[in-house]
Amino acid sequence: MDKLIVHGGSQLEGSVSISGSKNASLPILAATLLTKESCIIRRVPDVSDTNYMLQILQNLGAEVERASGTVIVRAEKIGHEAPYELVRKMRASVCVMGPLLSRLHKATVSLPGGCVIGDRPVDLHLRGLEGLGAEVQVEGGDLHLKCRELRGKTIDMRGKHGTTVLGTDNIMMAAVLAKGTTIIEGAACEPEVVDLANFLNKMGAKITGAGTTRIVVEGVKELHGVDHTVIPDRIEAGTFLVAGAMASTKGITLKRVEREHLTSVIELLQDAGFEIEGSGKTLTIRPGARRVGCDITTEPYPGFPTDMQAQMCALFATTPGISVVRDTIFPQRFMHCSEMKRMGADIDLNDGTAVIRGVDHLSAAPVMASDLRASAALLLAALTAKGATEISRVYHIDRGYEHIDQKLVDLGAHIERLKV
Ligand code: EPZ
C-alpha cells in the first residue's frame, strides 16, 4: 500500500489540466452493455474505480480496450452476473442493474455493503426497477432481478434523503428499451446524469428533461454504438480550487473545466474571501483581501456538493473564525475531521455537523486516508501543515483522482510517493 509524504509550506503556482469525470464515466461505461456495437468513450480517467468497472464489463463478457484516456467497449455477448469480488470493491457497480435488465431481462449483482461515509442503501433503485416490471429477490447477499419485459411507467425517485444519482441512472437505463414511456419524477439533476442522458441519446435513446427533476424516456427498439467524450471532473476541479485557496499566494489556473458545473463551489469560495476569474473552460483562483469562515449545508445539485465537504473542512481548519459544515446527504462523512484533529485542527463533530474554529496553522502528523474525499482533504491539509505529513492507505485517493500527487508536484508541491 503506497504512502504519501507531503512536505508542507510549498507555494503552488501555474496551471493544471483537469481530468474527465469519474462519476460521469462509471454509469456511461455501464451503459455500453445496452448495445452489441462498439462504444468509444474519451477522457475516462485512469483511476481504480473506472478500472474496476472495466473489469466488471470484461467479466460479463464485453471486449474492452484502453489506450490512455480512451476506452473502447464492445458488449456483443454478455452474461447477467456481476462478480461479487469486483462489485464489493465499488458501490457504483450497482448501475449495471438497469442495463443488464434492459438487455437480458435479468441481472445478478451483489448487494453493495456500506462504506465509511455511511449506509449506502439501494431501496430507491429497486423500487424504481420494480415499478418498470422487474422482480427482485435478495439471496445470499446478492440481488437477483428478472422481468418478462420492462414497461414504461411514472416512477418517483424521492427518498428520505432526497433523490439518488445512481438510482436515477439505473432507471433511465432500464427505461430506454422498455415498452412505452417512463416519467422519472424526483430525478437527480447532477451534470453526470445529464452526461449519461446525452450518451444514451447519441446511442439512439429518446430522453428529455435530464438536468431537471422530471426526466421523460420514450422506449425505443434498440441502441447503437457511439463516440463520446465525458465531461470534466467537477469534484477534481473543486479540489484543486481549494488547493489553490490554501497554498497559493500568486494563484493557480485550472484548464479543461466546466465552470457552470461549479457554481455553488465558486460562490462559496468567493464568500470565503477568494477571487475566482475565468469563464467556460478555464478558472483562476487567487487570494482576496481576507479569508473568512463560512457555513455550508450540502444539498443535491445544484446545491453545495457533499463530495466537496471534506475539502472545505480542510480549508476552514486554518481560516480565521468559526465555520459550520453540515452534511445532509452523508451525515457520517467526517472521518477526515478526526485525522485533521491529529494535525492540530479544532473541530467539534455532532450529529452530521462539524463546527470548525480556525487555527493559525496545522502541524504534520502520520494520518490515515479512509475514503476518497477524506483522503483529498488530508492531502490539502498537509500542503500547508508545518513539517512532513505521512498519509497512509492512499489507495483511497487513487480510486478517484488521476495522478493527483504528480499534478500537485507540477504546481510546486513537495510530495513523495512511497511504494510500501
Ligand atoms: C453518487 O453516489 C456519487 N457517486 C457520490 O460520489 C456522491 O457522493 C453521491 O452521488 C451524492 O451526490 C457516483 O456518482 C459514482 P445517492 P450515489 O444514491 O448515487 C440515499 C464520490 O466521492 N439513498 O445519490 O450512490 C443515500 O443513503 C462518491 O465520488 C437511499 O436512501 O449516491 C444518500 O443519503 C461518494 N436509497 C442519498 O440518498 C437509495 O436507494 C444520496 O445517495 C439510494 C440512495
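Here is what the cut-offs are and how they apply
- Residues numbered from 1 in each chain as written.
- Predicted model: local features only at pLDDT ≥ 70, side-chain atom pairs only at ≥ 80, totals over all residues.
- Heavy atoms only, no water.
- Helix = DSSP H or I, 4+ residues; strand = E, 2+ residues; numbered from the N terminus.
- Buried < 20%, exposed > 50% of the residue type's maximum accessible area, 1.4 Å probe, protein only.
- Contact = heavy atoms within 4.5 Å.
- Areas by Shrake-Rupley, 256 points an atom, 1.4 Å probe, with all protein chains shown as cover.
- Lys, Arg positive; Asp, Glu negative; His and termini not counted.
- Charge placed at Lys NZ, Arg CZ, Asp CG, Glu CD.
- Pairing = 2+ DSSP bridges.
- Axes fitted to C-alpha atoms, helices over the stretch in contact; angles between N-to-C directions.
- Right-handed = clockwise from strand over helix to strand, strands pointing away.
- Domains from an automatic or database assignment.
- Buried area = accessible area lost by both parts, 1.4 Å probe.
- Salt bridge = Lys/Arg side-chain N within 4 Å of Asp/Glu carboxyl O.
- Polar contact = N/O pair within 3.5 Å; in protein donor to acceptor, adjacent residues only side chain to side chain.
- Nonpolar A, V, L, I, M, F, W, Y, C, P; charged D, E, K, R; others polar.
- 1 Å grid on protein atoms, 1.4 Å probe; cavity = no way out; pocket = protein on both sides within 12 Å on 5 of 7 lines; lining within 4 Å.
- Points joined across faces, edges and corners; volume = space filled by probe spheres on them.

Asks: Before we go on, may I ask you to explain the overall build of the protein in this structure?
Replies: Looking only at helices and strands, the protein features 14 helices and 23 strands. With respect to the three principal axes, the spread of C-alpha positions in the protein is 65 × 45 × 40 Å. Here the protein holds 420 residues, and 55% of them are scored as buried. Across the protein, the fraction of contacts at a sequence separation of at least 24, relative to all contacts at a separation of at least 6, is 72%. Surface summary for the protein: the accessible area is close to 16400 Å², and the carbon and sulfur share equals 48%. Charge centroids of the protein, computed over 47 positive and 50 negative side chains, lie 2 Å from each other.

Asks: Please explain the sheet that holds strand β17 (residues 295–297) as it appears in this structure.
Replies: Either a parallel or an antiparallel arrangement is found when strands of a sheet pair, and the pairing is made through backbone hydrogen bonds. Taking strand neighbours across the sheet as the criterion, the four strands line up as β17-β18-β20-β19 in an open arrangement whose pairing is mixed. If you trace the sheet from one side to the other, it starts and ends with β17 and β19 (346–350), each paired once. Adjacent strand axes in the sheet meet at a mean angle of 10 degrees, parallel and antiparallel pairs treated alike. Seen against the sheet, helix α10 (residues 309–316) touches β17, β18 (322–326) and β20 (353–357) and runs at an angle of roughly 170 degrees to β18.

Asks: Where do I start with the pairing of β18 in this structure?
Replies: On a regular strand, each side chain points to the face opposite its neighbour's, so the side chains alternate between the two faces of the sheet. Here β18 shows one buried face, formed by S323 and V325, and one open face, formed by I322, V324 and R326. Summarising the sheet, β17 and β18 pair through three bridges and their orientation is parallel. Residue pairing in the sheet places D295 in a bridge with V324 of β18. Crossover β17 to β18 through α10 is right-handed. Here β18 pairs with β20 via five bridges, running antiparallel. Following the sheet pairing, V325 is matched in β20 by A354.

Asks: Whenever I open this one, the environment of C95 confuses me. Can you help?
Replies: Here C95 is to be found in the loop between α3 (84–87) and α4 (97–104). With a relative accessible area of 0%, C95 lands in the buried category. Through-space distance from the C-alpha of C95 to that of M173 is 8.7 Å; in sequence the pair is 78 residues apart. With residues near it in sequence (within four places) discarded, C95 still touches L26, P27, A30, M53, L166, N170 and M173.

Asks: Please explain unusual backbone geometry as it appears in this structure.
Replies: The peptide bond linking Y301 to P302 adopts the cis configuration, its omega dihedral lying at 10 degrees. Assignment of secondary structure puts P302 in the loop between β17 and α10. Of note, H105 is a non-glycine position whose phi angle comes to about 60 degrees, a positive value. Note on placement: H105 falls in the loop between α4 and β6 (106–110). Residue class for H105 comes out partly exposed when judged on its relative accessible area of 30%. The phi dihedral of D351 falls on the positive side, at around 50 degrees, and the residue is not glycine. When its relative accessible area of 71% is taken as the criterion, D351 is described as exposed.

Asks: Is there a simple way to think about the sheet that holds strand β23 (residues 414–418) in this case?
Replies: The sheet built from four strands is open, its strands ordered β21-β22-β1-β23 with mixed pairing. Both outer strands of the open sheet, β21 (367–368) and β23, are each paired with one neighbouring strand and no more. Note: strand β1 (residues 3–7) against β23, five bridges, orientation antiparallel. Each residue of the ladder has a partner; that of H7, found in β23, is H414.

Asks: Even after reading the chapter, I still don't get the domain arrangement of the protein, so can you show me in this structure?
Replies: When the parts come together, some accessible area is lost, and that loss is often what is quoted as the size of the interface. Here the protein is partitioned into domain 1 (2–19 + 232–419) and domain 2 (22–229). The gap between the C-alpha centroids of domain 1 and domain 2 is 30 Å. Considering only the side of domain 1, the residues that lose the most area to domain 2 are Y301, F330 and R399, jointly responsible for 30% of the buried surface there. Counting the contacts that link domain 1 with domain 2 gives two salt bridges. Between R234 and E192 there is a salt bridge, with the nearest N and O atoms lying 2.7 Å from each other. The interface formed by domain 1 and domain 2 holds eight residue pairs in polar contact (both at pLDDT 80 or more) in total. Here the side of domain 1 that touches domain 2 is built from residues that sort into nine nonpolar, six polar and ten charged.

Asks: Mind showing me how you'd approach the layout of surface pockets here?
Replies: If you roll a probe as big as a water molecule over the atoms, it shows you where there is empty space left. What the second largest pocket holds in volume is close to 390 Å³. Surrounding the second largest pocket, 17 residues form its lining, S102, L177, V220, K221 and E222 being those nearest its centre.

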